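Listed here are the chains, written in short residue letters.
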Amino acid sequence: MKKKPSSRQISEFIWGWLFILPTMAGLIILNIYPMIDTIKQSFYKTGDFGKGNIFVGLANYRKVFGDAEVWQALANTIKYAIVEVPFSVVIALLLAVILNKKIKGRSFFRTVFFLPMVVAPAAVAMVWKWLYNSNFGLINNTFHIKVNWISDPNIAIYSIAVIGIWSVIGYNMVLFLAGLQEVPRDYYEAASLDGANGWQQLIHITVPLISPTIFFVIVTRVIAGMQVFDLIYMLIDLNNPAWKKTESLVYLFYKYSFQQSKKGYGATVIVVLLAFILILTVIQLIGQKKWVHYE
Amino acid sequence: MVKKLIALCLGVAMTASLVACGGTAATTAEPAADATAQETPAADDSAAADTAAAEEEAPTSIGSSVEGELSITIWDEGQRPGLQQIVDEWSAQSGVKATIQVVDWNDYWTLLEAGATGGELPDVFWMHSNVAQKYMENDMLLDLTDKIAASDKIDMNNYYEGIVKLYQSNGKQYAVPKDIDTIALWYNKTIFDEMGVPYPDDTWTWEDFKANAKKLTNDEHWGYAIAPGNNQEGYYNTIYSMGGYVISDDKKTSGMDDANSIKAVKLFTDMIAEGSCPDLATVSETAPNELLCAGKTAMSINGSWMLAGYRDNEYAAANCDVAVLPYTNTPDDRVSIYNGLGWAAAANGKNTDAAWSLIEYLGSKEAQLEQAELGVTMSAYKGTSDAWVNSVDCFDLNGHMKMLDAKLVFRPYSRDTTVWEDMMIEKLQDAWTGAKPVEDVCIDIATEMNAALAEE
């Protein structure tokens, strides 16, 4: 015979659900429902103002896989992520290790490195746009060089990635600093007695011990990197010669969905990106067993 | 202490990333803010609402909805102060408050479409040739036909015909013309003096333009700067002047592969190749009007809507002036690609009577004249452009006004203009950089444009 739940259990059940209700509601209304709707839309040729949608089955997907622009955008996005993620992680880790030591002006430097994260991406992009300007920009005029930082198709995407690295270092650094607080001092003392230098301590003690944090940062940065949009949107115009070589997948989605109001095809592009990010993340989750140490 | 700092930083970061999470959150928040803004005054004016309560039942006249407020949305910050002044005069007469909100060009269309889909359009807003057909066919705009027929202030014969026709669909009128624009040649007098070249006048041909641009070029500045992303302020004028066309009259086929169209684009690619016009990289990073204001180019082709920008720039006001565009063979083929905005109202607006009253006022001779006098833009009402010419002292705006006597060609459009227009801008890059011959690029554009038009 099943025991009847006590009044305390019932009350806990109700209150428990009540407490997660706001989060659940937000998640369902703002994330889950739009996601399902987007996937649904990718099977339609959408009409004007959301009226008169026609079901077209897999036609959008067939078109996406044959669309050279989509593949180019995917390549651009990957190029961006490949530069942005490793550099921002390594630089942030080194900074975190340095700023975890007792040095003068530690709080000052921590704040300075974190500042770019607080500034609105649009403002960041506008400032860098002038720094990079090939004729009147500070960079070219200081070093007396003539480089088309953001209008040369071969380097523009990397110039944008540099801004991405600059903006995100502070955020990664703060996460690493939090991870470093958990590393016991004893290990370093023991290692010093054994004659390990700073570099060896970093590789053999710090990195393995904060590997869960590193893993978390890499996974979230890869996802964010694949979704790059605002910097490119602000820096590159339709008439920029580097346009085709910098357009990211999310930009392509924005172009189709909102500028040309082909919502169905735009949805298909973004579902492809979703699938790609899912695959990348699964690979990383499998790969973590080799190098991430949970205590 | 350290942990507190980290916690604080994390908190800030999370807020920042939440905001950065983007479009969805921002757009959903906006209608909510609007709703509260509308509700609050209603609550405050409960006394006033009581008196008006009797009339509220049947909103047949404007007076019955006095406590409401109209929202107006436009995309040009330069025009806002002048327009708000005109709107305020209407408010003084009607007793209805109306505020202008400015959203920049790109976001304007994104927001307007989202608003139309969700049934939350602004009460009164600007309409444009690129998308007018789509909005009219889907009954998003308030049908003004009967209201215009009944009005003693508005007569469609008083406005330039092309703009009136643009906002017609199935014999109905959906917007009242707001303005007209012409394209003219802005130039830097100081550079012309320095290089000993006579100022441009109505005798210039496009060949003279090209030859003089070369003479005006040295290490310090270029002769002319093209705006590769703005067809109306560039190659569309030469295409029609040289006898080519962009789109056929029935809007079914592209004219970009026409020999004359190709010749017209070549005029500019030749200038880039000669070095008298900056390369694509330069103009894509710094717009031609910025180059003109910085004394970096002697000439720039611009629309009359740029007036406010040049007037408010000290350097341009002191050094620049404006002349008519050149012609090809005879002065008869001097072409200005023109466009005109229309004032439209939401079909499902809460206060369509007030919205119509405002549009009627904005389209009246009085308000159209004031718009010109304030130097906001040239007005769509015929015979008011003299007032616009006299609105500033620093430039001789006859350059723009005389273009009204040139061959006026309406800016090419179709039902989904943006689709092929963006494609064209993208593909023309290869022509500007010289990566591909102009012929190949134009033929390629025509093929894709025909496909896009077939899909409409």
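Since the structure is predicted, the reported quantities are computational estimates derived from the model, not experimental observations.

Some details on the overall build of chain A
Looking only at helices and strands, chain A features 14 helices and two strands. Here the C-alpha atoms of chain A give a radius of gyration of 24 Å, more than 25% beyond the 19 Å that 2.2 N^0.38 yields for 295 residues. By its C-alpha atoms, chain A is 85 × 75 × 35 Å across when sized along the principal axes. Classification of the 295 residues of chain A by burial places 32% in the buried group. Counting only contacts in chain A whose residues sit at least 6 apart along the sequence, the fraction spanning at least 24 positions is 71%.

Observations regarding the confidence of the model for chain B
Per-residue confidence for chain B gives a mean pLDDT of 83, with 85% of residues at or over 70. Listed scores for the predicted complex are pTM 0.77 and ipTM 0.70.

Notes on the domain arrangement of chain B
All names here are of chain B. Domain boundaries in chain B define domain 1 (67–180 + 339–383) and domain 2 (183–338 + 397–455). Placing the centre of domain 1 and that of domain 2 at their C-alpha centroids yields a distance of 29 Å. Of the residues assigned to the side of domain 1 that touches domain 2, the class counts are two nonpolar, nine polar and one charged.

Remarks on the packing of helix H3 (residues 68–100) of chain A against helix H10 (residues 211–226) of chain A
Residue and element names in this part refer to chain A. Interhelical geometry of H3 versus H10 gives an angle of 150 degrees and a closest axis separation of 9 Å. Judged on the interaxial angle alone, H10 and H3 are roughly antiparallel. Crossing angle aside, the handedness with which H3 passes H10 is right-handed. Residues Thr77, Tyr80, Ala81, Glu84, Val85, Ser88 and Val89 of H3 form the contact with H10, whose participating residues are Ile214, Val217, Ile218, Arg221, Val222, Gly225 and Met226.

Quick notes on the sheet that holds strand S9 (residues 297–303) of chain B
All names here are of chain B. Across the sheet, which stays open at both edges, the four strands sit in the order S8-S9-S7-S10 with mixed pairing between neighbours. The strands lining the two open edges of the sheet, one partner per strand, are strand S8 (222–224) and strand S10 (320–323). Here the average twist between neighbouring strands, direction ignored, is 25 degrees. One ladder, built from five bridges, connects strand S7 (residues 183–188) with S9; its direction is antiparallel. Paired with Trp186 across the bridge in S9 is Ser300.

Topic: helix H17 (residues 352–363) of chain B
In this model H17(B) runs 16 Å from its N-terminal to its C-terminal C-alpha over twelve residues, within 8% of the 16 Å that 1.5 Å per residue would give. With eleven of its twelve residues buried, H17(B) lies for the most part within the structure.

As for the sheet that holds strand S2 (residues 97–102) of chain B
Whenever strands of a sheet pair, they do so through backbone hydrogen bonds, lying parallel or antiparallel. All names here are of chain B. Strand order in this open sheet of five strands is S2-S1-S3-S12-S6, and the pairing throughout is mixed. Bordering the open sheet on either side are S2 and strand S6 (176–177), each of which pairs with just one other strand. Summarising the sheet, strand S1 (residues 69–74) and strand S3 (residues 124–127) pair through two bridges and their orientation is parallel. Bridging from a neighbouring strand, Ile72 pairs with Val124 of S3. Across the sheet, helix H4 (residues 80–94) lies against S1 and S2, angled at about 165 degrees from S2, the strand it touches most. Against the sheet, H17 touches S1, S2, S3, S6 and strand S12 (342–345), its axis set at about 170 degrees to S12.

Some words on unusual backbone geometry
Residues and elements named next belong to chain A. Although it is not a glycine, His144 sits at a positive phi angle of roughly 50 degrees. A tally of 6 C-beta atoms within 10 Å means that His144 is categorised as exposed. Here Ser261, not a glycine, exhibits a phi torsion of approximately 40 degrees, which is positive. When you line up the elements, Ser261 lands in the loop between helix H13 (249–259) and helix H14 (263–291).

Topic: helix H12 (residues 259–274) of chain B
All names here are of chain B. Over its 16 residues, H12 runs 22 Å from end to end, which matches the ideal 22 Å to within 8%, given 1.5 Å per residue. The principal kink in H12, of about 25 degrees, is found at Lys266. By the burial criterion, the buried members of H12 are Ser261, Ile262, Ala264, Val265, Leu267, Phe268, Thr269, Met271 and Ile272. Check the buried side of H12 and you find it contacts helix H10 (206–215), S8, helix H11 (235–241), helix H21 (417–433) and helix H22 (438–455). One or two residues past the end of H12 sits Gly275, with phi positive at roughly 90 degrees.

Details of the domain arrangement of chain A
All names here are of chain A. As far as domains go, chain A holds domain 1 (7–55) and domain 2 (63–291). For domain 1 versus domain 2, the separation of C-alpha centres amounts to 30 Å. With seven residues of domain 1 in contact, the opposing surface of domain 2 contributes six residues. Listed by contribution, the elements that provide at least two residues to the side of domain 1 that touches domain 2 are helix H1 (7–41) and strand S1 (44–45). Per-element tally for the side of domain 1 that touches domain 2: the top contributor is H1, with three residues. For the side of domain 1 that touches domain 2, the per-class residue count stands at two nonpolar, four polar and one charged.

As for the interface of chain B and chain A
Counting from both sides, the interface comprises 32 residues of chain B and, opposite them, 33 residues of chain A. At the level of elements, helix H1 (2–20), helix H5 (105–118), helix H13 (280–285) and H21 of chain B are the ones that each hand at least two residues to the side of chain B that touches chain A. Broken down by element, the residue count for the side of chain B that touches chain A peaks at nine residues, all from H1(B). Grouping the amino acids of the side of chain B that touches chain A by side-chain chemistry returns 15 nonpolar, eleven polar and six charged.

Conventions used here
Residues numbered from 1 in each chain as written. Chains lettered and ligands numbered in written order. Predicted model: local features only at pLDDT ≥ 70, side-chain atom pairs only at ≥ 80, totals over all residues. Helix = DSSP H or I, 4+ residues; strand = E, 2+ residues; numbered from the N terminus. Rg over C-alpha atoms; globule rule 2.2 N^0.38 Å. Buried ≥ 20, exposed ≤ 12 C-beta atoms within 10 Å, placed from the backbone. Contact = placed C-beta atoms within 7 Å. pLDDT = per-residue confidence, 0-100. Domains from an automatic or database assignment. Nonpolar A, V, L, I, M, F, W, Y, C, P; charged D, E, K, R; others polar. Axes fitted to C-alpha atoms, helices over the stretch in contact; angles between N-to-C directions. Parallel < 35°, antiparallel > 145°, perpendicular 65-115°, else oblique. Left-handed = near helix turned anticlockwise from the far one by under 90°. Pairing = 2+ DSSP bridges. Expected span 1.5 Å × (residues − 1). Bend = angle between axes of the 7 residues up to and from the residue.

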